[in-house]
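Chain by chain, the residues run as shown.
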Amino acid sequence: MKVLHVITGLEVGGAAQQLRLLLRRLPAHCEVVTLTRPGPLAEAIEADGTRVTHLDMTGNRDLSVLPRLAGLIRAADPDLVHTHLYRACVYGRIAARMAGVRAVVATEHSLGDAVIEGRRLTRGVRTLYRATERLGSATVAVSDTVAARLRRWGVPARRIHVVPNGIEAHRFAYDPAARAALRARLGLPPDAFVVGGAGRLVPGKRFDVLVRAITQLPGIHLLLAGDGPERELLQRMAGQFGSGDRIHLLGAYGGADGPVPGDGPDIPRMLSAIDVFVSPSPDQAFGLATLEALASGLHVLYGSCPAVDDLPDDQAPGAHRFGHGVHELATALRELRRTEPGRLPVPPVVRRYDIDRSAQQLMVVYEEARDAARRARPAAKLTAPPVGPPPQGLPPGFTLPDPSPAPAPDGHSLSKR
């Protein structure tokens with residue numbers, strides 16, 4: 001099977017990382033098209049042997065991407081197009097129809113109750129999503145929680161398939177030598193109580209709650225891996241509360257076999273070096289970072305994690321949800337420090353979310369979509385004008401407005417994670 005993946009961007013983020021892991025395992029010939037800045041993961045994917053094409057999309061209203069993307073799809077002649085992230089799903093479904101490709105699968109990676117990919121939801125976003133969703137074959141939800149949200153949006157249940165995100169659990173196994181080495185590199189006492197977090201430093205991740213909680217806990221250190229527009233703000237916040245020497249912002253993470261090449265410590269080493277992991281985001285679609293921490297045997301405090309919440313409590317006994325406030329988090333961390341719980345056995349939830357299993361489930365969706373397309377009559381190709389008015393022949397009453405949600409406080413595009 002030949003599959004063309006279309007993604008909004010390949011900057012550091014859960015969706016791009018998942019795509020790279022899947023590309024390594026899918027028994028299909030795959031190519032990737034990124035609409036916006038390719039980012040470091042593009043180089044990593046190409047190093048793995050998968051071709052990446054960059055379309056230089058200039059903004060959410062850049063309709064010139066439609067004929068260019070349709071031309072790429074037509075030239076590639078794939079059996080199936082797989083789109084990832086909101087903007088790629090909107091434009092990719094239309095372009096696939098323009099190119100005459102009927103089998104189109106879309107994965108919804110980052111749909112929260114009130115936000116999508118860190119941006120506020122609006123009625124226009126939902127309307128545009130539903131209109132273009134009808135042009136595809138199936139929509140993949142990364143959790144039962146996301147599937148329920150899609151049904152509330154009006155996506156028919158028969159078109160929704162749950163294929164959870166997955167991890168390479170062995171990469172996150174606890175390593176005492178890595179713990180000692182990273183602590184020594186950062187100047188941390190061997191017996192220090194260290195809290196960790198990881199992700200893009202953007203408002204929606206609420207790392208400000210984590211930093212404020214640490215400032216209230218003398219003697220506790222924080223390792224925060226990741227980069228983004230809030231880094232300077234978090235650094236200033238730590239300094240203002242007199243905790244700059246205990247709060248360590250590690251920058252973009254990397255490692256030879258990590259998700260992206262970079263100078264910062266890779267996530268597995270960081271997880272080995274800490275005692276408790278915190279994921280403060282209140283609105284997640286899955287919760288990959290939480291799952292990775294559980295694979296390292298850590299106690300985890302989280303604000304939202306469908307990967308855990310969708311399952312019985314005994315699947316992740318070391319994971320505990322906390323209220324979204326600074327006081328609640330500080331209280332929970334203070335109690336964990338007092339009890340010094342140590343490392344835990346890897347819980348059952350980690351085995352459930354194995355990336356090989358996710359790839360197998362996705363191939364079933366691919367095969368069903370391809371077979372259904374072959375049984376159906378040939379798709380009518382849509383013809384797009386060069387630039388300007390929206391393509392003709394779309395569903396009745398459908399127009400193509402700006403596909404971005406209303407601006408969020410950080411003002412970042414949908415390609416940012």
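Residues numbered from 1 in each chain as written. Predicted model: local features only at pLDDT ≥ 70, side-chain atom pairs only at ≥ 80, totals over all residues. Heavy atoms only, no water.

Named according to an unreviewed UniProt entry, the protein is D-inositol 3-phosphate glycosyltransferase originating from Streptomyces yunnanensis.

Novice: Please give an account of the nonpolar core that cites residues and values.
Specialist: With 75 residues, the main nonpolar core has I73, M270, L271 and F277 as its most contacted residues. At 8 residues, helix α4 (residues 86–98) tops the list of elements feeding residues into this core. Among the nonpolar cores identified, the runner-up in size contains 32 residues, and I7, I45, L362 and V365 belong to it. (Core = buried A, V, L, I, M, F, W, Y, C linked by side-chain atoms within 4.5 Å. Buried < 20%, exposed > 50% of the residue type's maximum accessible area, 1.4 Å probe, protein only. Helix = DSSP H or I, 4+ residues; strand = E, 2+ residues; numbered from the N terminus.)

Novice: Tell me about the confidence of the model for the protein, and please be specific about residues and values.
Specialist: Summarising the model, the protein shows a mean pLDDT of 86, and 86% of its residues fall at 70 or more. Counting interchain partners and residues more than four positions distant, the pLDDT-below-50 stretch residues 255–263 has 26 contacts. (pLDDT = per-residue confidence, 0-100. Contact = heavy atoms within 4.5 Å.)

Novice: Could you give an account of the packing of aromatic side chains, naming the residues involved and the relevant values?
Specialist: Inspection of the entire model under this criterion finds 3 aromatic pairs. A centroid spacing of 5.2 Å and a plane angle of 85° characterise the contact between Y129 and W153, whose relative ring orientation is edge-to-face. Here W153 lies in helix α6 (residues 144–153) and Y129 lies in helix α5 (residues 123–133), a separation of 24 residues in the sequence. Considered together, Y129 and W153 belong to a single accessibility category, that of buried residues. Taking the centre distance of 5.1 Å and the plane angle of 80° together, the rings of F286 and Y353 count as edge-to-face. Here F286, found in the loop between β13 (276–279) and α11 (288–295), pairs with Y353, found in the loop between α14 (348–352) and α15 (355–375); they are 67 residues apart in sequence, far enough to count as distant. Across the pair, Y353 and F286 agree in class, each one buried. Ring-pair connections join several aromatic residues into one group, and the members of that group are Y86, Y129 and W153. Over the ring of Y129 we find R93; its NZ or CZ atom is 5.2 Å from the centre of that ring. (Phe/Tyr/Trp six-rings, centres within 6.5 Å; stacked < 30°, edge-to-face > 60°. Lys NZ or Arg CZ within 6 Å of the ring centre and 35° of its normal.)

Novice: Just give me the short version of α6, but keep the residues and values in it.
Specialist: Residues of α6 that are buried: T145, V146, A147, R149, L150 and W153. Downstream of α6 by one or two residues, G154 has phi in the positive range, about 105°.

Novice: Lay out the sheet that holds strand β3 (residues 52–54) in plain terms, naming residues and giving numbers.
Specialist: Within the open sheet, the 7 strands sit side by side as β3-β2-β1-β4-β5-β8-β9. Their pairing is parallel. The outermost strands of the open sheet, each flanked by one partner alone, are β3 and β9 (160–162). The average angle at which neighbouring strand axes cross in this sheet is 25°, direction not considered. Here 4 bridges tie strand β4 (residues 80–84) to strand β5 (residues 104–108), and the two strands are oriented parallel to one another. From the neighbouring strand, T83 faces β5, where its bridge partner is A106. Running at roughly 170° to β9, α6 makes contact with β5, β8 (138–141) and β9 of the sheet. (Pairing = 2+ DSSP bridges. Axes fitted to C-alpha atoms, helices over the stretch in contact; angles between N-to-C directions.)

Novice: Just give me the short version of the environment of V52, but keep the residues and values in it.
Specialist: In this fold, V52 is placed in strand β3. Under the relative-accessibility criterion, V52 is labelled buried at 14%. Each C-alpha atom, one on V52 and one on C30, is 9.7 Å from the other, the two residues being 22 residues apart in sequence.

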